[in-house]
Amino acid sequence: MKRVLPMLVALAILRGWAAEPAGAAVTLAADGKAQLPIVTAKAATARVQKSAATLASYLQKISGAAFELVTGDGASGIAVGTISDFPELQLAQPWDPANPAQREDYLIHTHARGILLIGASELAVEHAVWDMLYRLGYRQFFPGPTWEVIPESRTLTINFQVREHPAYNARRIWYANGMGDWSKPLYADWCARNRAVSGIEVNSGHAYDGIIKRNQAEFDKHPEYLGLVDGKRTSSKFCISNPGLRELVKQDALRQIEKNPALQSVSIDPSDGGGWCECENCRKLGSISDHAVMLANELAETLTAKYPDKFVGMYAYNHHSPPPTIRVHPRVVINVATAFIKGDYTVEALLEGWQKQGATTGIREYYSVHAWDRDLPGRARGANPEYLRKTIPHFHERGARFMSAESSDNWGCNGLGYYLAARMLWDVREGARVEQLKVDFFEKAFGPAKETMSRFYALIDASSKPLLSDDLIGRMYRLLAEARSQSTVPAIRRRCEDLILYTRYVELWSDYTLSENSKRQDAFEALARFAYRIRTTGMVHTSGLIRDLPKRDKTIRVPKEAERNVPPGKNIWMSSEPFTAEEIDKLLAAGIERRKPFDFQPVSFEDNLVPATPLNLPSVATGSFGGLSRGSRVYHTWLSAAPGTVRLTATAGLVYDSRGAAKLGLFPQAEAEGNSVADADVEPDKQPHEVQLSSTYPGHHRVEISDRMAGTEVSWTEGTPMCVQSSPDVPATFWRPWTLYFYVPRGTQIIGGFASGKGTLRDPSGKAAFVFKKEPQYFSVPVPPGSDGGLWKFENCEGQRLLMTVPPYLARNEKELLLPASVVARDRK
């Protein structure tokens, strides 16, 4: 956080220079000639010398002047180093060297004979160099040379008297789902140039599994170290009441530090999910959070006795998110998760509760999770500058001093948000300047195309809830074509071209989601090949796509020769050939031709579903899902109380009886990791089987069915809440003629969407409002006055109906329909 140094403070720091004024304008370069050398101490470390060389290189790029690198006492010239590098200056210590929270502090101070760039550590010196360049107009908006902005000014004059201290001691915007070799150096450079690194590295990820793996022989000898669940010692949780287990954990942590002395912290966060020990002694320990904290406290005591500067990290997450009833060791850092919270707690309540027990707190954020957003426009928190503007200063005000934000290498959709987050995490007061920071981004990155690109980023901003559609893709292409034509500057055009390639990815993703059968694998391969080819742009998280998507979509696969770890030249899908301007021209023209904007505005709805019964909808004749599903089908259901059971009848193997059992899983909306709480296999014998899926959670659940295209039919007692989602991003496929209902909220003027196959759309009175042809088409149907706030019906339909302006949930009748909670709350009578 910026600290402008008053005159007296500056004089105190420069106590050996009593005759010097506290700050003065300094000319670094004049008419392309350097006016000062860059000075390091004779004893400067290699890292400090590298920082000085970096400064010299970039000052030359900015001004055209060659800056000499010399050694000296720092009394004149551009002094780069730590206070200990320049003892002759007799600088007062403006920070506490023993305080790890101040190891990133630095000052930039001009004086009559030059400028001081002085840091509390080597890392702080690097921060000082990049901050000075930022103040001169340099920007590294996204990773890679395309998104680097180097201003040009043959004369450089500055006057700075500032001390900087970060608001958050840790500022990690990190890639989940792996990082390709192509992205590691680019990401590291971006972090350094935006001060998005940490003075205190707090490891707080799930740790129990790793402890077991590193000590497998001991756990084999002592099965009593594992949690007791249903009479068995097979859990990945620990029996924390066991003294031997606690000693093993402490010795494991000591070995980690002995192996890597640079480690600043050791994580003791529990493994994911449930399975906490049920033995009598563990039950006496108190709450689940008490269990986890007891182990963390003992570990902290052991570590700090030998290594006083080390920390222990842990999340407040899932079963151990509620605050404990026991005190927390001050060297235990608790990163409160902003999702997957148990109990009736807000993030603010968790911060307060853990702090009351003495915990040092931070935030475990989710700026982008590939499985959730798939690099699509406006799907992630990282694409929502307003969310970032509100939360980063707010969490800091509530006492959070660490930030660990899960993200992705997807700068096409989230890059602006990541950049803004880095600025705010260093200085939360930047939250009040978000609009100015955005203007700076548009002006410096896009020049004469700034207004057009401002509209582009508004289009894909998460606050506008963009819906994947021809309309969105068509508008993205058109805005980028306009922006690209507005500048002849190669760097600006390359940035537009990167975003054109990102838009092509979005288009290919849309094609993939709408593909079926063998065409789906072909569409995925086209998507993957394209993602590989643009991997170095950082526009999409290629590693995440290749690694995660086939795990969740069992209809596709990645050959071993195309895995993300297979290098170029051997990887059969990976091309390193960059797209030429001519190729991009063709992609752009074709995309504009294919993707036409709609005459309606797509609307997004949240996925927090509740029964539609409060709407008191009139009774309707029960429709049909067409019976058969193939591949994957997701039903949404509701349990009014917990524990509860979803009862179904399932018949599998209706098309193929040789592809194994159909698999059913029950997924509560409230389950922390999105894991199933009950599973069942149905033999492919074409016979009906009773299936019971039980849950300890109330409310919204998903029943997921997967059968390798073998054909499965499920049925349930009429009136059981049960519906399917059918939208462009989650399309429902029906294999036989079907008749289902959907709700049109009050005030809706147009029902818009996509259709493939014949059928009829009927309004609440039964009147035919639209007749579908066999050919795929987008449809736009006006809602007459009085026909809103009611059930409309897709009757005797074939193929798909993807709803885009109304809640995209289809059910057999009004009793079985679930709707977004906000829609029910607004429209209920």
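All values derive from a computational prediction rather than experimental measurement. Position numbers for residues count from 1 along each chain, tracking the sequence in the order it is written. Confidence filtering applies because this is a predicted model: local features only for residues at pLDDT of at least 70, side-chain atom pairs given and counted only at 80 or more, and all residues used for totals across whole chains, interfaces and linings. Values shown for side chains rest on all heavy atoms present in the structure; no hydrogens or waters enter the calculation.

A.B. asks: It is not clear to me how the confidence of the model for the protein chain should be interpreted in this structure. Could you clarify?
C.D. replies: Low-pLDDT stretches of the model should not have their predicted coordinates read in fine detail. pLDDT is a per-residue confidence score from the predictor, ranging from 0 to 100. When pLDDT is averaged along the protein chain, the result is 93; 97% of the residues meet or exceed 70. Should any heavy atoms of two residues lie within 4.5 Å, those residues are considered in contact. Long-range and interchain partners of residues 2-21, a stretch whose pLDDT sits below 50, account for 43 contacts in this model, where long-range means more than four residues apart.

A.B. asks: What should I look at first to understand the sheet that holds strand E14 (residues 265-267) in this one?
C.D. replies: Backbone-to-backbone hydrogen bonds join strands into a sheet, with any given pair of strands oriented parallel or antiparallel. In this analysis, strands are considered paired if DSSP registers two or more bridges between them. Comment: elements are numbered from the N terminus, with helices defined as DSSP H or I runs of at least four residues and strands as E runs of at least two. What the 6 strands build is an open sheet, ordered E13-E18-E17-E16-E15-E14; its pairing is parallel. Looking at strand neighbours, the two that pair on one side only are strand E13 (170-175) and E14, the edges of this open sheet. Mean inter-strand twist for the sheet, computed between neighbouring axes without regard to direction, equals 20 degrees. For strand E17 (residues 360-366) and strand E18 (residues 402-407), the ladder comprises 4 bridges, and the chain directions are parallel. Its bridge partner being in E18, Ile-363 is matched across the sheet by Met-403. Here helix H13 (residues 411-426) sits on the sheet in contact with E13 and E18, set at roughly 170 degrees to E13. Orientation is described by axes fitted as lines to C-alpha atoms, over the contacting stretch for helices, and by angles from 0 to 180 degrees between their N-to-C directions.

A.B. asks: Teacher, can you tell me more about the pairing of E18 here?
C.D. replies: Each regular strand shows side chains that alternate between the opposite faces of the sheet. Judged by how many residues are buried, E18 sits mostly within the fold: 6 of 6 residues are covered. Alternating positions in E18 separate into two faces, Phe-402, Ser-404 and Glu-406 on one and Met-403, Ala-405 and Ser-407 on the other, with burial throughout. As defined by bridge partners, E13 adjoins E18 across 6 bridges and the pair is classed as parallel. Directly across from Tyr-175, in E18, lies its bridge partner Ser-407. Think of it in three bands: with a 1.4 Å probe and only protein chains considered, a residue is buried below 20% of the maximum accessible area for its type, exposed above 50%, and partly exposed in between.

A.B. asks: Would you mind showing me how to read the sheet that holds strand E30 (residues 750-756) here?
C.D. replies: Reading across from one edge, E33-E30-E35 is the order of the 3 strands in this open sheet, with antiparallel pairing throughout. On the outer flanks of this sheet lie strand E33 (777-782) and strand E35 (800-803), each paired with one strand and no other. Taken pair by pair, the neighbouring strands of this sheet meet at an average axis angle of 30 degrees, ignoring direction. Relative to E35, E30 is paired through 4 bridges, and the arrangement is antiparallel. Across the sheet, the residue bridging to Phe-754 is Leu-802, located in E35.

A.B. asks: Help me out: how do you make sense of the pairing of strand E22 (residues 644-652) in this one?
C.D. replies: The buried count for E22 comes to 7 of 9 residues, which makes it a mostly enclosed element. When E22 meets strand E25 (residues 688-695), the two strands line up antiparallel, connected through 8 bridges. Counted as the bridge partner of Leu-648 is Val-691 from E25. Sheet analysis places E22 next to strand E27 (residues 712-715), joined by 4 bridges and oriented antiparallel.

A.B. asks: So what exactly am I meant to see when it comes to the packing of helix H15 (residues 450-459) against helix H16 (residues 470-485) here?
C.D. replies: Between two packed helices, what matters for the description is the angle formed by their axes and the separation of those axes. At a closest axis distance of 9 Å, the pairing of H15 and H16 adopts a crossing angle of 160 degrees. The angle between H15 and H16 places the two elements in the roughly antiparallel class. Relative to H16, the crossing made by H15 is left-handed. Contacts between H15 and H16 involve Thr-452, Met-453, Arg-455, Phe-456 and Leu-459 from the first element and Leu-472, Arg-475, Met-476, Leu-479, Leu-480, Glu-482 and Ala-483 from the second. For the contact of H15 with H16, a count of residues per class yields 8 nonpolar, 1 polar and 3 charged. Our angle categories are set so that under 35 degrees counts as roughly parallel, over 145 as roughly antiparallel, 65 to 115 as roughly perpendicular, and the remainder as oblique. By definition, any crossing whose near helix is turned counterclockwise from its far helix by less than a right angle is left-handed, and any crossing with a clockwise turn is right-handed. Three classes are used: nonpolar for Ala, Val, Leu, Ile, Met, Phe, Trp, Tyr, Cys and Pro, charged for Asp, Glu, Lys and Arg, and polar for all others, with Gly counted as polar.

A.B. asks: Please clarify how helix H3 (residues 122-135) should be interpreted in this entry.
C.D. replies: It helps to recall that an α-helix has 3.6 residues per turn; residues three or four apart then point in one direction. One less than the residue count of a helix, multiplied by 1.5 Å, gives the span that helix is expected to have. Look at H3: 20 Å from first C-alpha to last across 14 residues, which is about the 20 Å you get at 1.5 Å a residue. With 12 of 14 residues buried, H3 lies mostly within the body of the structure. Taken together, the buried positions of H3 are Leu-123, Ala-124, Val-125, Glu-126, His-127, Ala-128, Val-129, Trp-130, Asp-131, Met-132, Leu-133 and Tyr-134. Of the residues one or two after H3, Gly-137 is the one with positive phi, at around 105 degrees.

A.B. asks: Just checking my understanding: could you explain unusual backbone geometry for this structure?
C.D. replies: In terms of backbone geometry, most residues other than glycine have negative phi values and most peptide bonds are trans. Going from Ala-642 to Pro-643, the amide bond is cis rather than trans, its omega being 0 degrees. Mapping Pro-643 onto the fold places it in the loop between strand E21 (632-639) and E22. Positive phi, normally seen in glycine, also occurs at Asp-31, with a value near 50 degrees. With respect to the helices and strands, Asp-31 occurs in the loop between strand E2 (26-30) and strand E3 (33-34).

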